[in-house]
Amino acid sequence: MSHIVYPAHFLRLSSICLGFLIMFSLQQAHAQKISSDDLLKQALYETNVQHHYEKAIALCKQGLALSPDYLDIRLLLGRLYMLTHQYDLARIELSRVLAKQPNNADALTYLINLEMQDKRYDEALCYANMALYYYPDSVFFILKKTAALSAGSKFDEAMQVLQQSMKKLPNQAQLHIAYLDQLVTAARSYQDQHNYIQAHAYLQQALQIDPGNKLILTYLINLEAAYEHYDEALIYANQALQHYPDDPEFIRRKIGILISAKRYLEAEDFLQQLTRKDPRNAEWRKLATYVHLQAARDYAHLMPQYQYNAVLVNDPTNREALQALINLYSAQNAYPEALIYANQALQYYPDDTLFLLKKIALLDAMGKYAEAYPLTARLAAQYPGHRELKVHLLDELMMAGRAFEQDQQWDSAASYYQQMLDVDSSYLPAYDRMIALSLEQKQYNLALAYVRKALQLSTNPEPYQFREAGILEAAGRYQEAAAITRQLMTAHPQNLRYRQAYLDQLLEAARADMQAQQPGQAVEDLQMLLTLDPPRAEALDLMINALYQMKQYGAGLAWCDTALQYYPQDKDFLVKKAGLLEASGQYAEAARLLANLFTRYPYDTKLQNSLSENLFLAGKQFAANNQTDSASSYFWAAIRQQPSDTLAWISLINLKASLQQTDSALWIADSALHYIPHVPELLMKKASFQLAAGKSKDALQTLDSLLETDPHNLAAKALRDQIRIASYHQAIGIDYNFTSFGDRTTPPWNLASLYYQRLPHWGSYDLRLNFANRNNRNGLQGEAEVYWNHDSSNISYVDLAFAHDSLFPRLRAAYTFTHYFRKGWQADIGGRYLNFDSSALGSAYLGLGKYFSDYWLYAQAYLTPQNKQLFGAYRATLRYYYSEQRDDYLNLIVGTGISPDDRSRYFGLNKWLSLSATNVAIGYQHIFRGQTIAGLTLSWTNQEIAQGIRQNEYDVYVHLVQKF
């Protein structure tokens, strides 16, 4: 095909020139602020001169960031994406150009080329049409469109476009050249598809336009020779030699055709002419020798043929000689040779019925039914009442179609079968082939159309009804197929084939319903099937599966029992029954059934796993129902099946623990670790039971073993820390409270405490020394605290403090009794006593608390009488425990009034009791390695210091404890 240069090429050349100009202006550009035009120039330079495409892409993107609607930059970016093979991105950018400027010729050209390159010919055609809308007389875009049509095998449309364009633009030689090229391209395409008729027609049309075209003549010669049409090939060879009499290639082709056609006498004569014309040419002498030798080999035993050939040399139209040669060669099965003379005879006697029949017979014998049937059709049209000719024509069409079927050329085969129907619209064998052909291509609707047409024509519809059912079955329309087959089965009960087909179709329908997640419909189909064929194993299996999917386990078990009546030892049905028993929660029954099966198949690991699973589930079920003996028995049975079953071991251990059988649970944990050592859950269980039994050292050894294999196990670390913490029975601590005042005139207060704590088994006691510095005065106080655990639910708290300085009360005494209820509730009741130099105060104390997951909410009330009035102080605490350690928490405290438990202020309670106060505090405390506790609390108090006068007070409280 010819290639046309479009102005886009000029654009590229101009871009290169522009790139060279940019080289001289780059230095000035750096000194100025870069604009979109500058970026375009740099990008063109990097593209056309340096070929740095990635750098050019970056420059284009930078330019588009400044000027998103700059189409020249976006067009260049699309081209760069094409150069870097980023075709999807190129499409996006070029499409954006077209969105802004639909008539942009460069963008249209790039997109056409891009789609042609990716073989997306319809998209290329779309862009070509768009281009022609804006440039209707552009030869370049016309040729682009025809190229897209041709690439998509739309040759007729391509030529129609060219014909219309040539009428509109008669002086454009490129269009005429392209039209000729298009004819040749179409011919070659059809030749590759073995479509002789179309290929020959296009080449002939091209030859009429340019009779002396060397390429077209060559293609025609090769085409005719490829199909052994030697007479036609020879005609084109002679035509070529008229235009190119001395062309050695055409001379060789003519000689080759004569040799292939076994027309040795003509070949010899032609070579003699060539030798006389050029006696020094050794090639002609060599070919003449080859022709003589080949003729001698082929006709050494055919002397009569030589005699008749001699007759034809002098009288080419001699009927007797032509007929004799055809008969002689046919008798020897030399059909190609006989066909030569049949064709020669028909040159002189084209309408002769005898020679036509001989040629038809020869073509049939050679299997060339596609070439024979046009001649037969010609005779049948000439003799319309001749039934044998019509039957022979139908047979030839059938054989031609079957030949194309064997080559899987379905369309060609269908065209021949359709011609059969054109000859005889009621010819059932043609419908049979069309049905078979449609089924081969899985065109089920088309096959149904043909079979239903055949049903209307056939006097015996039964086979076609059965065939219709088969097509419906192949199409997956099993219900419709079964309906037809059921009618046939009812009408012909003796025909077992119909009954079997009906049952198979019901089964397939049920399978399709199951795949479509319609088990209910599958059950209906299977019930009809099993009514006719109760012991059919596949149907029983599918019925059980459908009922299982519908969770109708009872019905599924009933069908399992039915199946086992027919197949009592069938493994699959027994396994399905066990599965249904398991699904319905009958784990013990399932386990018994699987145990029996496992004795028959002791090496089936799936059976063993299923048996172990059901034994375990049965144990869980018995444990949930408090049938502990049965649960223990089933857990042990599951363990015997699979000693490495961690869940079974843990469940058995938990069962023993729930029965307070700690020793037994510990023994079982040891036994489990014998089979499956280093399992973290089992090691944790063992350590917990060792700790519960008072074997702290053994528990620590077990936890150390666990952490060797699982060093990041948080639960093990926590338990180990818990054991270590539990070994601490003493502690020393220091508290410090700093109070500052908002008026900035009152000096700050300081309160520090140093204490020692002891933790015996019955509770704890503290000995504390408190030091105070207030208003430039110092004071000391001694204090003792005791926590007494009456039992797990009741605790008493006692506190006594003594001092000789007015910075502290002379005596402080406190008592609280705490009771812990279920569900995290606690209640406190108690009293406080403070003795000052000139007065004493007694307070009642009430408290109520509740744990919510990781939170603790606690409310306190202090009721203190003074001067026949009752004053109250109230405080609410919200605490969040942010770890497993109860010493790790965040505090929020709000309160009103002054509390008798507030060490930083209770020294003035006798003076300030009647004054109001509001307090808010936040605190944080954390324990480090289970041994060191550190805490910080910040508080704000708004205190009334006289009637109508208030001040703000700020406290910082630090708490440090070291356990040992």
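Residues numbered from 1 in each chain as written. Predicted model: local features only at pLDDT ≥ 70, side-chain atom pairs only at ≥ 80, totals over all residues. Heavy atoms only, no water.

This part is about helix α37 (residues 646-658). With 13 residues, α37 should cover 18 Å at 1.5 Å per step; its first-to-last C-alpha distance of 18 Å lies within 8% of that length. For α37, the set of buried residues is A648, W649, I650, S651, L652, I653, L655 and K656. On its buried side, α37 packs onto α35 (605-624), α36 (628-641), α38 (662-675) and α39 (680-692). In this structure D645 caps α37, since a side-chain oxygen of it lies 3.2 Å from the backbone nitrogen of L647. (Helix = DSSP H or I, 4+ residues; strand = E, 2+ residues; numbered from the N terminus. Expected span 1.5 Å × (residues − 1). Buried < 20%, exposed > 50% of the residue type's maximum accessible area, 1.4 Å probe, protein only. Contact = heavy atoms within 4.5 Å. Polar contact = N/O pair within 3.5 Å; in protein donor to acceptor, adjacent residues only side chain to side chain.)

To continue, consider the UniProt feature "domain: YaiO beta-barrel" (unreviewed entry) in the protein chain. Residues annotated in UniProt with the feature "domain: YaiO beta-barrel" (unreviewed entry) correspond here to residues 730-902. Taken as a whole, residues 730-902 contains 0% helix and 72% strand, while its terminal C-alpha atoms sit 25 Å from one another. (UniProt positions renumbered as here; feature names shortened; annotations may be inferred.)

Under the 1.5 Å per step criterion, the end-to-end length of helix α11 (residues 173-192) is 29 Å for 20 residues, consistent within 8% with the ideal 28 Å. If you check which residues of α11 are buried, you get L175, A178, Y179, L180, D181, Q182, L183, V184, A186, A187, S189 and Y190. The inward-facing, buried residues of α11 contact α9 (139-151), α10 (155-168), α12 (196-209) and α13 (214-226). Phi turns positive one or two residues past the end of α11, at H194, with a value near 60 degrees.

Moving on, we come to the environment of K442. Examined against the element boundaries, K442 turns out to sit in the loop between α25 (428-440) and α26 (444-457). Residue class for K442 comes out exposed when judged on its relative accessible area of 59%. Along the sequence, K442 and A474 sit 32 residues apart, while their C-alpha atoms lie 8.5 Å from each other.

The next thing to look at is the pairing of strand β3 (residues 763-774). When strand β2 (residues 749-758) meets β3, the two strands line up antiparallel, connected through 9 bridges. Its bridge partner being in β3, L754 is matched across the sheet by L769. Adjacent in sequence and paired antiparallel, β2 and β3 are bridged by 4 residues. Here β3 folds back onto strand β4 (residues 777-789) in antiparallel fashion, the turn holding 2 residues, of which N775 has a positive phi close to 50 degrees. (Pairing = 2+ DSSP bridges.)

Looking at the element boundaries, D352 is found in the loop between α20 (335-348) and α21 (353-365). Taking the relative accessible area as the measure of exposure, D352 reaches 16% and is therefore buried. Side-chain polar atoms of D352 contact the backbone nitrogen of L354, separated by 3.0 Å. In contact with D352, not counting residues within four places along its chain, are R319 and L346.

Glancing now at the packing of aromatic side chains. The full count for this structure, using the stated rule, is 34 aromatic pairs. Centroid distance Y244 to F250: 5.9 Å. Interplanar angle 25 degrees. Geometry classified as stacked. On the basis of relative accessible area, F250 is assigned to the buried category, the value being 1%. One aromatic cluster is present, formed by W636, W649, W667 and Y675 through successive ring pairs. Stacked on the ring of F270, the Lys or Arg K254 has its end atom at 4.1 Å from the ring centre. (Phe/Tyr/Trp six-rings, centres within 6.5 Å; stacked < 30°, edge-to-face > 60°. Lys NZ or Arg CZ within 6 Å of the ring centre and 35° of its normal.)

Among the nonpolar cores identified, the biggest contains 111 residues, and M420 and L682 are the most heavily contacted of them. If we ignore the near neighbours within four places in the chain, the residues touching L682 are W649, I650, I653, A672, L673 and I676. Ranked by size, the runner-up nonpolar core spans 92 residues in total, among them L114, F155, F250 and A267. (Core = buried A, V, L, I, M, F, W, Y, C linked by side-chain atoms within 4.5 Å.)

Right, let's get into the pairing of strand β6 (residues 811-820). Summarising the sheet, strand β5 (residues 794-803) and β6 pair through 9 bridges and their orientation is antiparallel. Each residue of the ladder has a partner; that of V798, found in β6, is Y815. The pairing of β6 with strand β7 (residues 825-835) spans 10 bridges and is classified as antiparallel. Bridge pairing in β7 places H819 opposite A827.

Look at helix α31 (residues 537-549) against helix α33 (residues 571-583): their axes get within 11 Å of each other, and the N-to-C directions meet at 10 degrees. As judged from the angle between their axes, α31 and α33 are roughly parallel. Packed against α31, whose contacting residues are A537, L540, D541, I544, N545 and Y548, the element α33 presents F573, K576, G579, L580 and A583 at the interface. Partitioning the contact of α31 with α33 into residue classes produces 7 nonpolar, 2 polar and 2 charged. (Axes fitted to C-alpha atoms, helices over the stretch in contact; angles between N-to-C directions. Parallel < 35°, antiparallel > 145°, perpendicular 65-115°, else oblique. Nonpolar A, V, L, I, M, F, W, Y, C, P; charged D, E, K, R; others polar.)

Within the fold, M398 resides in helix α23 (residues 387-406). Not counting residues within four places of it along the chain, the set of residues in contact with M398 comprises Y417, M420, P429, A430 and R433.

Attention shifts here to the environment of A447. By secondary structure assignment, the location of A447 is in helix α26. Along the sequence, A447 and D533 sit 86 residues apart, while their C-alpha atoms lie 31 Å from each other. When sequence neighbours within four positions are dropped, the list of residues in contact with A447 reads I435, S438, L439 and I471.

Mean pLDDT over the protein chain stands at 87; residues scoring 70 or higher make up 94%. Throughout residues 1-32 the model reports pLDDT below 50, and contacts reaching past four residues in sequence, or to other chains, amount to 34 contacts. (pLDDT = per-residue confidence, 0-100.)

On to the pattern of salt bridges, then. In the structure shown here, the tally under the stated rule is 47 salt bridges. Note that R467 is salt-bridged to D432, the shortest N-O span being 3.3 Å. Placement of the pair is R467 in helix α27 (residues 462-474) and D432 in helix α25, with a sequence separation of 35 residues. By relative accessible area, R467 is classed as partly exposed at 28%. Residue D432 is classed as partly exposed on the basis of its relative accessible area, which comes to 23%. The residue R832 makes a salt bridge to D901 at a minimum N-O spacing of 2.7 Å. A residue pair is termed long-range when its members are at least 10 positions apart, and R832 in strand β7 and D901 in the loop between β11 (889-896) and α42 (909-912) qualify at 69 residues. (Salt bridge = Lys/Arg side-chain N within 4 Å of Asp/Glu carboxyl O.)

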